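Each chain is listed here by its residues.
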Amino acid sequence: MERRILITGASGFIGTNLLMKLQKEGTLGKKNLLVLAVDLVKPAVDVSWEKADLRTTDWAFLDGFKPTHVLHLAALTNHRLCADLGETMRANVDATQALFSKLASLGGVEKIVFPSSIVVYAETAQMPLCEDSTALDYHHNHYSLSKGLCEELCQHFRAKPYNLPILTFRLSNVYGPYQEWRPEKFPNLLPQIMRQAILEKKIEVWNKTPVRDFIYVKDACDAFMKALDTSYNGVVNIASGVGTSVGTICSEISRLTGAPVVDLGKQVSGPTHVVCDTARAQTYLGWKAATPMAEGLRKTVEYYQREIGSSN
């Protein structure tokens with residue numbers, strides 16, 4: 001059977017890694033698999049590309065493509081990019097509603113994967129974070145609000161009369177090559193630690209004690225591909241299931257780069273310990289994270305050393 005996969009946000013961090021995975025596996029260009037990449041920026045991989053602004057498009061270009069599988073990755077992806085509430089609603093929530101409505105009208109869609117985030121969980125929750133038993137509270141900032149509202153849209157469109165087969169991923173802290181490292185708009189922890197180590201030859205962190213659940217991007221991409229074959233529709237944590245402290249991360253990056261670590265000892269906001277339950281991903285996707293933290297950090301540092309070095 002022919003698969004026609006629509007990937008929105010195909011030029012972003014996860015989208016780029018997904019396309020490169022398909023290219024490396026020799027999947028792109030095969031007769032039984034068509035991929036349409038949608039983004040304002042042309043993807044790094046040679047693939048059919050539709051330049052579109054998801055805030056304004058009517059999705060008419062899907063009439064000819066008629067996707068069977070959808071990976072809806074496009075979004076403003078952190079609280080800094082989501083500083084303006086109206087823009088956040090248009091880019092993240094309104095665009096998702098418009099896409100789901102279009103897909104429902106087209107019919108023939110076998111699977112839609114929507115990446116939410118573990119930021120929708122309550123900050124006071126007990127660990128590990130579980131999809132059904134852990135309380136939700138997505139009123140932390142505009143970004144978490146948009147993810148929570150999109151999860152509501154997923155639930156709405158899974159029900160009658162739409163009956164869309166939507167799988168919602170609650171992603172933990174994804175890291176790896178092709179994640180933006182410039183701090184003006186992308187304040188993600190690991191890229192900023194690596195940027196400091198490479199450019200400033202030192203690592204300064206507010207506090208080394210917080211623990212987070214990090215997942216290497218290759219493992220996340222494997223989960224997205226496995227999601228295309230599952231019959232399960234609902235919410236699934238995509239995480240390593242292992243907590244790693246900021247101090248451990250800093251020590252490993254220091255070992256790889258030679259940059260000393262300075263702990264400023266400042267108080268940080270949010271939960272101090274985050275780790276996810278991943279049993280549902282193993283049950284319904286047959287998936288679990290496979291990349292050890294040390295290996296993922298080594299590959300990521302090597303990427304940033306090339307990327308940051310070539311840009312300076």
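Anything mentioned here points back to the structure above.
Residues numbered from 1 in each chain as written. Predicted model: local features only at pLDDT ≥ 70, side-chain atom pairs only at ≥ 80, totals over all residues. Heavy atoms only, no water.

Enquirer: Account for the overall build of the protein, naming residues and giving values.
Expert: Check the secondary structure of the protein and you find nine helices and 12 strands. On C-alpha atoms alone, the protein measures out to a radius of gyration of 19 Å, which is about the 20 Å that the 2.2 N^0.38 rule sets for 312 residues. Classification of the 312 residues of the protein by burial places 52% in the buried group. A separation threshold of at least 6 residues defines the contact pool for the protein, and within that pool the share at least 24 residues apart is 80%. Approximately 14,200 Å² of the protein is accessible, and the part contributed by carbon and sulfur atoms is 50%. In the protein, 34 positive and 32 negative side-chain charges are present, and the distance between their average locations comes to 4 Å. (Helix = DSSP H or I, 4+ residues; strand = E, 2+ residues; numbered from the N terminus. Rg over C-alpha atoms; globule rule 2.2 N^0.38 Å. Buried < 20%, exposed > 50% of the residue type's maximum accessible area, 1.4 Å probe, protein only. Contact = heavy atoms within 4.5 Å. Areas by Shrake-Rupley, 256 points an atom, 1.4 Å probe, with all protein chains shown as cover. Lys, Arg positive; Asp, Glu negative; His and termini not counted. Charge placed at Lys NZ, Arg CZ, Asp CG, Glu CD.)

Enquirer: Can you explain the packing of aromatic side chains? Please cite residues and give values.
Expert: For the coordinates displayed, the defined rule picks out nine aromatic pairs. For the ring pair Tyr303 and Tyr304, a centre distance of 5.2 Å and an interplane angle of 65° mean the geometry is edge-to-face. Take Tyr303: its relative accessible area is 8%, and that puts it in the buried class. Given a relative accessible area of 1%, Tyr304 falls into the buried group. Taken together, the ring pairs connect Phe100, Phe157 and Tyr162 into an aromatic cluster. (Phe/Tyr/Trp six-rings, centres within 6.5 Å; stacked < 30°, edge-to-face > 60°.)

Enquirer: Can you tell me about the packing of helix α3 (residues 85-106) against helix α4 (residues 142-158), naming the residues and giving the values?
Expert: Two numbers describe how α3 lies on α4: the axes approach to 10 Å, and their chain directions differ by 15°. As the angle between them shows, α3 and α4 are arranged roughly parallel. In this structure, α3 meets α4 at a crossing whose hand is right-handed. Contacts between α3 and α4 involve Leu85, Thr88, Met89, Asn92, Val93, Thr96, Gln97, Phe100 and Ser101 from the former and His142, Leu145, Ser146, Leu149, Cys150, Leu153, Cys154 and Phe157 from the latter. Looking at the contact of α3 with α4 residue by residue, the class counts come to 10 nonpolar, seven polar and no charged. (Axes fitted to C-alpha atoms, helices over the stretch in contact; angles between N-to-C directions. Parallel < 35°, antiparallel > 145°, perpendicular 65-115°, else oblique. Left-handed = near helix turned anticlockwise from the far one by under 90°. Nonpolar A, V, L, I, M, F, W, Y, C, P; charged D, E, K, R; others polar.)

Enquirer: Tell me about the sheet that holds strand β6 (residues 166-171), and please be specific about residues and values.
Expert: Here we have seven strands laid out as an open sheet, ordered β3-β2-β1-β4-β5-β6-β10, and parallel in their pairing. Edge positions in the open sheet fall to β3 (48-51) and β10 (235-238), since each of these has one partner strand only. Averaged over neighbouring strand pairs, the angle between their axes works out to 20° when direction is ignored. Pairing of β6 with β10, which is carried by four bridges, proceeds in the parallel orientation. Bridged to Thr168 within β10 is Val235. (Pairing = 2+ DSSP bridges.)

Enquirer: If you had to explain the pairing of strand β2 (residues 33-39) to someone new, which residues and values would you point to?
Expert: β2 sits mainly inside the fold: six of its seven residues count as buried. Note that strand β1 (residues 3-8) and β2 share six bridges and pair parallel. Within β2, the residue paired with Ile7 across the bridge is Ala37. With four bridges joining them, β2 and β3 adopt parallel strand pairing. The residue bridging Leu36 from the neighbouring strand is Ser48, located in β3.

Enquirer: Explain the sheet that holds strand β11 (residues 243-245) to me, using residue names and the numbers behind them.
Expert: Taken in spatial order, the three strands line up as β7-β9-β11 in an open sheet, and their pairing is mixed. With one partner strand each, in any of the chains shown, β7 (173-175) and β11 form the two edges of the open sheet. If you compare each strand with its neighbour and ignore which way they point, the axes differ by 55° on average. Its contacts with the sheet place helix α6 (residues 217-227) against β7 and β9 (211-216), and it is angled at close to 65° to β9. Sheet strands in contact with helix α7 (residues 246-257) are β9 and β11, and its direction is about 65° off that of β11.

Enquirer: Run through empty space enclosed by the protein, naming residues and quoting values.
Expert: In total, this model carries one cavity of 30 Å³ or more according to the counting rule given. Of the pockets and cavities examined, the largest cavity occupies roughly 50 Å³. In terms of lining residues, the largest cavity is bounded by His72, Leu73, Ala74, Ala75, Asn92, Thr96, Phe114, Pro115, Ser146, Lys147 and Cys150. The set of elements that each furnish at least two residues to the lining of the largest cavity consists of α3, β5 (111-117) and α4. (1 Å grid on protein atoms, 1.4 Å probe; cavity = no way out; pocket = protein on both sides within 12 Å on 5 of 7 lines; lining within 4 Å. Points joined across faces, edges and corners; volume = space filled by probe spheres on them.)

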